[in-house]
Amino acid sequence: MRRIQTIITFLLLWSSSYAQYFESAHAVWDDSFREWEIQMTEDNSAGFEIRWQLRNDYTTWNVDLAGLPGVIQLKWNDDPNVWEYRSGNQIIIARTKWSNDYSQWKLSDGQVKLELETRYRDDTNEWWVKSEKDGHFILYSEYLNDPRDWIIEDDMEAYVSAEMRLMMIFLACFHSSPKQ
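Residues numbered from 1 in each chain as written. Predicted model: local features only at pLDDT ≥ 70, side-chain atom pairs only at ≥ 80, totals over all residues. Heavy atoms only, no water.

> Talk me through the nonpolar core; I want residue IDs and the actual numbers.
Formed by 44 residues in total, the largest nonpolar core has its most connected members in W83 and I169. Per-element accounting of this core gives the leading share, 11 residues, to helix α2 (residues 162–176). (Core = buried A, V, L, I, M, F, W, Y, C linked by side-chain atoms within 4.5 Å. Buried < 20%, exposed > 50% of the residue type's maximum accessible area, 1.4 Å probe, protein only. Helix = DSSP H or I, 4+ residues; strand = E, 2+ residues; numbered from the N terminus.)

> Describe the environment of M164, naming the residues involved and giving the relevant values.
The topology assignment puts M164 in helix α2. By relative accessible area, which is 0% here, M164 ends up buried.

> Describe in detail the packing of aromatic side chains, supporting the description with residues and values.
The way to describe two aromatic rings as a pair is by their centre distance and the angle between their planes. This model, assessed by the stated rule, comprises 11 aromatic pairs. A ring pair is formed by F48 and F170, whose centres lie 5.3 Å apart and whose planes are at 80 degrees; its orientation type is edge-to-face. Of this pair, F48 sits in strand β3 (residues 45–52) while F170 sits in helix α2; the two residues are 122 residues apart in sequence, bridging distant segments of the chain. Each ring, one from F170 and one from F174, has its centre 5.5 Å from the other, and the planes form 25 degrees; the classification is stacked. Pair noted here: F170 and F174 are both in helix α2, with a separation of four residues, about one helical turn. (Phe/Tyr/Trp six-rings, centres within 6.5 Å; stacked < 30°, edge-to-face > 60°.)

> Can you explain the sheet that holds strand β9 (residues 113–120)? Please cite residues and give values.
Read around the barrel, 12 strands follow the order β1-β2-β3-β4-β5-β6-β7-β8-β9-β10-β11-β12 and close on themselves; strand pairing throughout is antiparallel. Between one strand axis and the next, the sheet turns through 25 degrees on average, direction left out of account. Most of the contacts of α2 go to strand β6 (residues 79–87), to which it runs at about 145 degrees, and overall it touches β1 (22–29), β2 (32–40), β3, β4 (57–65), β5 (68–76), β6, β7 (90–96), β8 (104–108), β9, β10 (123–129), β11 (135–143) and β12 (146–156). (Pairing = 2+ DSSP bridges. Axes fitted to C-alpha atoms, helices over the stretch in contact; angles between N-to-C directions. Contact = heavy atoms within 4.5 Å.)

> Describe the pairing of β8, listing the residues and the values that go with them.
Pairing of β7 with β8 involves four bridges; the strand directions are antiparallel. Each residue of the ladder has a partner; that of I93, found in β8, is S108. Of the strand pairs in this sheet, β8 and β9 are connected by five bridges, and their pairing is antiparallel. In the strand pairing of β9, Q104 is matched with E117. The antiparallel pairing of β8 with β9 creates a hairpin that spans four residues between the two strands, and G110 there sits at a positive phi of about 95 degrees.

See below:
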């Protein structure tokens, strides 16, 4: 039964006539950045939360993308330069463009390659996708220097997966907020 539900959800997300766009991201709690809710069009939502809440371990996150479970985690626990998102058969790898510079990321799912970076150096209030051929994707904080609420302008091409888009949202939220 669960497998059928997963297949139906997958088909809804990826059918050529149905594009899934992201609209906003919000920290669920005002005083914590451990759980996020993402608003999507068509009354869908997504979210991510740290897996090991009591350990204060920010290396592994549980993901829910419109009913599809996934995990975002550091590829290697001692290297914060590489993150991996796994959901079903989909794997997204995100690497820093330059070692220990968390304002510029290269993402790949094996077919699509994107670059996500802050609009201005050392200012995490706005993130954008550098490649214009793949569409328009910008995240910016709703209130200056307040990383709890984000507005998302998502006009990426249909071939860019929802997982890839969610990974970009995760990177922006994670690297813009304190770990508390």
